[in-house]
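# A closer look at the structure
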Amino acid sequence: MTHAAREVLSDARLALDMLQTETDPDRWRVHWAGGVALLRAVGHVLLNVDQRTNTELAKIGDEAHRRWRSTDPSHAVYRDFILEERNNILKEYRSKVHPLAEVPVAIRLTVVNPETGEVSYLDQIADFDENLFRPLVEGYGEGEDARDVFGEAINWWERELTAIDKELFTRLRR
């Protein structure tokens, strides 16, 4: 079973909770770095701890790892976010998250005249502060809030670990 990897995944969820509520940009950056490292650690712990406990689990985990590194778009969050962002932070201490505490965002308001039905648009720039919006500025999830992509990565890991556990159960029943 994927017990140890799931423990790391649980800590990644806690890191996401911290990212959701943190308003200090320096603390947010530290939570981000730790959270991204945890996302990558799920796979390392699966390989180095869980897979050592069972040869069948090792085979299934190795098969899964090959799929994750393939060009299959269903694993893009692994290749293009989990691996890349972890490497960015741990090898170069840079991130794809917008670096400023205040993020200017373009907003288009749609205005409808109630008498004529005529539609017009009003473009404005709004500054979001207190880390309300922390978009990724390039690559996977570009333009999305980094915490949403982080949550997507957590969900991806949950699906993958569940699939591994299910396959192990099926093979052991044979």
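For the structure given in this document, a descriptive report is provided here. This one's a predicted model, so the numbers in the text were calculated from it and none came from an experiment.

A separate point is the nonpolar core. Core analysis: the biggest nonpolar cluster contains 38 residues, and W32, L39, W68, F81, I82, F150 and W157 have the highest contact counts within it. Counting residues per element, the ones that place at least two in this core are α1 (3–21), α2 (25–48), α3 (55–69), α4 (76–92) and α5 (146–173). Once residues lying within four places of it in the same chain are set aside, the contact partners of W32 are L19, F81, E85, I89, S95, V97, A146, R147 and F150.

Under the criterion given, the structure shown has nine aromatic pairs. Centroid distance W68 to W156: 5.3 Å. Interplanar angle 65°. Geometry classified as edge-to-face. Separated by 88 residues along the polypeptide, W68 in helix α3 and W156 in helix α5 bring together distant segments of the chain. Each member of the pair, W68 as well as W156, is classed as buried. Here Y78 and W156 contribute two aromatic rings whose centre-to-centre distance is 5.3 Å and whose plane-to-plane angle is 25°, an arrangement assigned as stacked. Of this pair, Y78 sits in helix α4 while W156 sits in helix α5, placing them 78 residues apart in sequence. In this pair, the class of Y78 matches that of W156, namely buried. Among the aromatic residues, those joined into a cluster by ring pairs are W28, W32, F81 and F150. The cationic tip of R108 hangs over the ring face of Y121; the distance from NZ or CZ to the ring centre is 4.9 Å. Lying over the aromatic face of W28, R134 brings its terminal NZ or CZ to 4.4 Å of the ring centre.

With that out of the way, let us pick up empty space enclosed by the protein. For the structure shown, the criterion picks out one cavity of 30 Å³ or more. Size it by volume and the largest cavity reaches roughly 40 Å³.

A surface patch of nonpolar side chains, about 220 Å² in accessible area, is lined by L109, V111 and L122. A relative accessible area of 40% places V111 in the partly exposed class.

Rules and cut-offs
- Each chain has its residues counted from 1, following the order in which its sequence is written.
- Only residues with pLDDT of at least 70 are given local features in this predicted model, and only at 80 or more are side-chain atom pairs given and counted; all residues enter the totals for whole chains, interfaces and linings.
- Calculation of side-chain values draws on the structure's entire complement of heavy atoms; hydrogens and water are dropped beforehand.
- The set of buried Ala, Val, Leu, Ile, Met, Phe, Trp, Tyr and Cys residues whose side-chain atoms join them within 4.5 Å is what this entry labels a nonpolar core.
- Burial classification: accessible surface area is computed with a 1.4 Å probe over protein chains only, and a residue below 20% of its type maximum counts as buried, one above 50% as exposed, and the rest as partly exposed.
- The way it works is that DSSP assigns letters per residue, a run of H or I at least four long becomes a helix, a run of E at least two long becomes a strand, and they are numbered from the N terminus.
- Any two residues having at least one pair of non-hydrogen atoms within 4.5 Å are treated as being in contact.
- Here the aromatic set is Phe, Tyr and Trp, taking the six-membered ring for Trp, and pairing holds for ring centres within 6.5 Å; pairs whose planes are under 30 degrees apart are stacked, those over 60 apart are edge-to-face, and all others are tilted.
- Charge over a ring is defined by NZ of Lys or CZ of Arg lying within 6 Å of the ring centre and within 35 degrees of the ring normal.
- Residues are called lining when one of their atoms sits within 4 Å of a cavity or pocket point, these points coming from a 1 Å grid over the protein atoms alone, where a cavity is a set in which a 1.4 Å probe fits but cannot get out and a pocket is an open set with protein on both sides within 12 Å along at least five of seven lines.
- Grid points are joined across faces, edges and corners, and a volume is the space filled by probe spheres set on the points.
- Residues qualify for a patch when their relative accessible area is over 30% and they have no salt bridge, like charges being joined within 9 Å and the nonpolar side chains of Val, Leu, Ile, Met, Phe, Trp and Tyr within 5 Å.
- For accessible areas, the Shrake-Rupley method is used with a probe of radius 1.4 Å. Any residue's cover is judged against the shown protein chains and nothing else.
- Within this document, salt bridges are pairs made up of a side-chain nitrogen of Lys or Arg and a carboxyl oxygen of Asp or Glu, the two lying within 4 Å of each other.

Don't take any of this as a statement about function, it's just geometry.
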